[in-house]
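# Secondary and tertiary structure notes
Okay, here's what each chain looks like letter by letter:
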Amino acid sequence: MGSATSDTPASEPAARGRKPLTDAAETGLKIVVVGGFGVGKTTLVRSVSEIRPLNTEEVMTQAGVGVDETDGVRGKTTTTVAFDFGRISLNDRLVLYLFGAPGQERFWFLWDRLFSGTLGAVVLVDTRRMDDSWYAIDRLEHHRTPFVVAVNRFDDDTARHSLDEIRLALALPEHVPLIDCDARVRTSGKHVLVTLVDHLYQLALAQESTP
């Protein structure tokens, strides 16, 4: 698997264009992608979006030195300062609107607003910087927002922790889906989103069956 730090997805078409919604589309779900700095949130939104994604990336400057924690992502030169936005149709009727949240602590104040109206979330995890995942999980649990956890594997991750080890390290309950992914690859990113939608569906069924 190639380095997941690349800003350009390996499978992204040279010119995707702007795909209009089908006339049959009737259900839109707001999904937020969260996680630590440099974990691949922008890359995931870019790789799966069927429209030209809106990115608020800026070149990192000297002002961020000592403020943004860059251990493990030394090659990163840009950063999201507001949010990323993309769209993907899972089928003729179901459309997901994707919002990628900024990862640095100084932008966390934006998260609560991004969570407004969100039906579910994806937490991207970089096992080299596992501690960066705690805040995202904590905020989602605080908002009672259902989520799945996707491990974005990087080439220089020599530890190669198993999913069971990662679940234990993050203290994830068994009912929270945990899967591997490559944020650059559209099919892999789409699988993450399908997993989230399936999780939301199962939660809705369980709620309906509760007296």
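A short tour of the structure in this document, coming up.

Criteria and thresholds
- Residues numbered from 1 in each chain as written.
- Predicted model: local features only at pLDDT ≥ 70, side-chain atom pairs only at ≥ 80, totals over all residues.
- Heavy atoms only, no water.
- Core = buried A, V, L, I, M, F, W, Y, C linked by side-chain atoms within 4.5 Å.
- Buried < 20%, exposed > 50% of the residue type's maximum accessible area, 1.4 Å probe, protein only.
- Contact = heavy atoms within 4.5 Å.
- Axes fitted to C-alpha atoms, helices over the stretch in contact; angles between N-to-C directions.
- Helix = DSSP H or I, 4+ residues; strand = E, 2+ residues; numbered from the N terminus.
- Parallel < 35°, antiparallel > 145°, perpendicular 65-115°, else oblique.
- Nonpolar A, V, L, I, M, F, W, Y, C, P; charged D, E, K, R; others polar.
- Salt bridge = Lys/Arg side-chain N within 4 Å of Asp/Glu carboxyl O.
- Phe/Tyr/Trp six-rings, centres within 6.5 Å; stacked < 30°, edge-to-face > 60°.
- Lys NZ or Arg CZ within 6 Å of the ring centre and 35° of its normal.

## A look at the nonpolar core
Across soluble globular proteins, nonpolar side chains show a tendency to be buried alongside one another. If you look at the biggest cluster of nonpolar residues, it comprises 24 residues, and the most contacted ones within it are Leu96, Val122 and Leu193. In this view, Leu193 contacts Ile31, Val48, Ile88, Leu96, Leu98 and Val122; residues no more than four positions away in its chain are not counted. Among the nonpolar cores identified, the runner-up in size contains 22 residues, and Phe99, Ile137, Phe147 and Leu178 belong to it.

## Some words on the packing of helix H1 (residues 41–48) against helix H5 (residues 186–209)
Between H1 and H5, the least distance of the axes is 8 Å, while the angle of their chain directions is 100°. It follows from the interaxial angle that H1 and H5 lie roughly perpendicular. Counted together, Leu44, Ser47 and Val48 of H1 and Arg186, Gly189, Lys190 and Leu193 of H5 form the full contact between these two elements. When grouped by side-chain class, the residues that make up the contact of H1 with H5 number three nonpolar, two polar and two charged.

## Side note on the environment of His143
Mapping His143 onto the fold places it in the loop between helix H3 (134–142) and strand S7 (147–152). Taking the relative accessible area as the measure of exposure, His143 reaches 32% and is therefore partly exposed. Separated by 28 residues in the primary sequence, His143 and Phe115 place their C-alpha atoms 7.9 Å from one another. Excluding its chain neighbours within four sequence positions, the residues that come into contact with His143 are Asp112 and Phe115.

## Quick notes on the pattern of salt bridges
Counted by the stated rule, this structure contains five salt bridges. Its salt-bridge partner being Glu50, residue Arg87 comes within 3.1 Å of it at the nearest N-O pair. Placement of Arg87 in strand S4 (residues 84–89) and of Glu50 in the loop between H1 and strand S2 (57–59) is noted, with a sequence separation of 37 residues between them. Comparing Arg87 with Glu50 shows no difference in burial state: the two are buried. Close ionic contact of Arg184 with Asp182 constitutes a salt bridge, the shortest N to O distance being 2.5 Å. Relative accessible area serves as the criterion here: at 6%, Asp182 is assigned to the buried category.

## Some details on the packing of aromatic side chains
Aromatic rings considered in pairs are described by the distance between their centres and by the relative angle of their planes. With the rule as written, the count across this model stands at two aromatic pairs. Aromatic pair Phe85 and Tyr97: ring centres 6.3 Å apart, planes at 10°, arrangement stacked. On the criterion of sequence distance, the pair formed by Phe85 in strand S4 and Tyr97 in strand S5 (residues 94–100) is long-range, its members being twelve residues apart. Grouping aromatic residues by their ring pairs yields a cluster made of Phe85, Tyr97 and Phe99. One residue, Lys30, lies across the ring of Phe99, its end atom 5.0 Å from the ring centre. One residue, Arg128, lies across the ring of Phe154, its end atom 4.2 Å from the ring centre.

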